[in-house]
Amino acid sequence: MKKVLSVFLAVIMMISAFGAVVNASAQGSEVLSYTQSLLMSSKKKKVTSKQRKAFFKKAAFIGSSIGVGQRMYFDSEGYKTVGKPTMLVRGCYSFYNDKHSRSKWMVTYKGTPMQAKKAIKKCKCNRVFIAMGTNDFHGNANVVFDDYVEYLKGIRKANPKVVIFIESTTSVTSSHQGKYLNSKNIKKLNEKLKEYCKEHKDMYFIDVSSKLNDKKGHLKKKYASDNYCHLTNSAYKIWTNQLVKYTDKLMLKESEAKKAVKAAEKSKTEKKVKAAKKLVDKLEKSTVKSNLRKRLKKIKVKTTAKKTTTSTTVIEKEEQD
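Just so it is clear, the model here is predicted, and its values are computed rather than measured.

## Details of the overall build of the chain
Here's step 1: Looking only at helices and strands, the chain has 11 helices and 9 strands in total.
Here's step 2: In the chain, which comprises 321 residues, the share counted as buried stands at 43%.
Here's step 3: Once local pairs closer than 6 in sequence are excluded, the contacts in the chain between residues at least 24 apart make up 67%.
Here's step 4: Working note: accessible area of the chain is about 18,500 Å², and carbon and sulfur atoms make up 54% of it.

## A word on the environment of Tyr236
Here's step 1: The topology assignment puts Tyr236 in helix α8 (residues 233-267).
Here's step 2: For the pair formed by Tyr236 and Tyr223, sequence separation is 13 residues and the distance between their alpha carbons is 8.7 Å.
Here's step 3: When near neighbours in sequence (up to four residues on either side) are disregarded, Tyr236 contacts Ser65, Ile66, Gly69, Gln70, Tyr73 and Leu231.

## Topic: the pattern of salt bridges
Here's step 1: The final tally for this structure, using the stated rule, is 9 salt bridges.
Here's step 2: A salt bridge links Lys99 to Glu150, with the shortest nitrogen-to-oxygen separation between them at 3.3 Å. Here Glu150 lies in helix α6 (residues 141-158) and Lys99 lies in helix α4 (residues 95-99), a separation of 51 residues in the sequence.
Here's step 3: Residues Arg293 and Asp281 are paired through a salt bridge, measuring 3.0 Å at the closest nitrogen-oxygen approach. One end of the pair, Arg293, is in helix α10 (residues 287-297); the other, Asp281, is in helix α9 (residues 270-281), with 12 residues separating them in the sequence.
Here's step 4: A cluster of three or more residues bridged by salt bridges with shared partners is formed by Lys45, Glu256 and Lys259.

Conventions we followed
Residues numbered from 1 in each chain as written. Predicted model: local features only at pLDDT ≥ 70, side-chain atom pairs only at ≥ 80, totals over all residues. Heavy atoms only, no water. Helix = DSSP H or I, 4+ residues; strand = E, 2+ residues; numbered from the N terminus. Buried < 20%, exposed > 50% of the residue type's maximum accessible area, 1.4 Å probe, protein only. Contact = heavy atoms within 4.5 Å. Areas by Shrake-Rupley, 256 points an atom, 1.4 Å probe, with all protein chains shown as cover. Salt bridge = Lys/Arg side-chain N within 4 Å of Asp/Glu carboxyl O.

Written as structure tokens, this is what we have:
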């Protein structure tokens with residue numbers, strides 16, 4: 001009799017354990033399904049022209065003569081894509097000229113020449129798009145990268161809250177490969193800048209140049225207005241398309257993550273908290289991501305077990321696990 005009872009209890013325990021596994025699996029599937037539905041929803045949505053123009057209205061673009069060409073392109077298309085951002089561009093502008101305040105070759109804001117970091121502060125923009133490098137190849141890619149980083153640090157120090165977008169340095173045609181300014185060095189510079197942005201908060205790298213290059217990484221001649229490095233309107237159209245494709249995706253990802261966190265705060269259910277966390281984790285290193293994670297950590301999820309209500313912070317629990 002004791003043996004039968006022992007076997008019976010063992011079976012009961014196995015069934016109970018199996019039920020717990022099934023229940024946990026079901027909860028996990030439910031969270032995954034909910035997260036996938038949120039992701040599918042974000043893919044179906046599109047950024048409106050009004051939203052995009054509002055985004056770029058608070059932005060400044062920095063560049064040299066290639067940046068001047070970008071301003072002319074925005075003007076030629078009637079500012080229909082990005083609206084009217086602040087354009088801090090100047091022919092022959094370079095890191096060297098900015099550093100040494102050579103007023104003849106510096107960007108201007110409201111007619112006054114000044115360093116870019118000061119112009120950004122003056123125009124009170126929230127985000128800045130930088131397209132530099134072409135006039136800075138007085139050495140190999142490592143040298144230019146060091147100059148670029150020094151320039152970025154100056155901007156960040158003077159404008160700690162500004163979000164920085166680096167637009168990839170455009171290449172040069174195959175017939176104009178210089179000792180330092182050449183396609184190989186430009187490619188290496190872009191690779192280093194991309195990695196730098198991944199490592200730093202509120203910094204994004206946008207590849208606007210790859211689609212302008214041939215298989216060897218040289219600027220296609222049909223996109224060069226001078227058969228060298230300056231661009232045609234068709235090149236700027238591709239550039240702009242790549243730019244807004246990136247920023248639209250970023251806006252949608254951040255918007256969906258914010259909505260998910262808001263829904264989690266309202267429902268206080270474990271399913272929605274975990275789903276929100278998955279969306280927040282997909283964001284790149286940024287202030288937006290940090291703030292959303294802080295909000296998630298404050299949520300106290302209500303769980304019921306045997307008619308007893310308790311509270312726990314799901315995010316902290318997951319981090320401990």
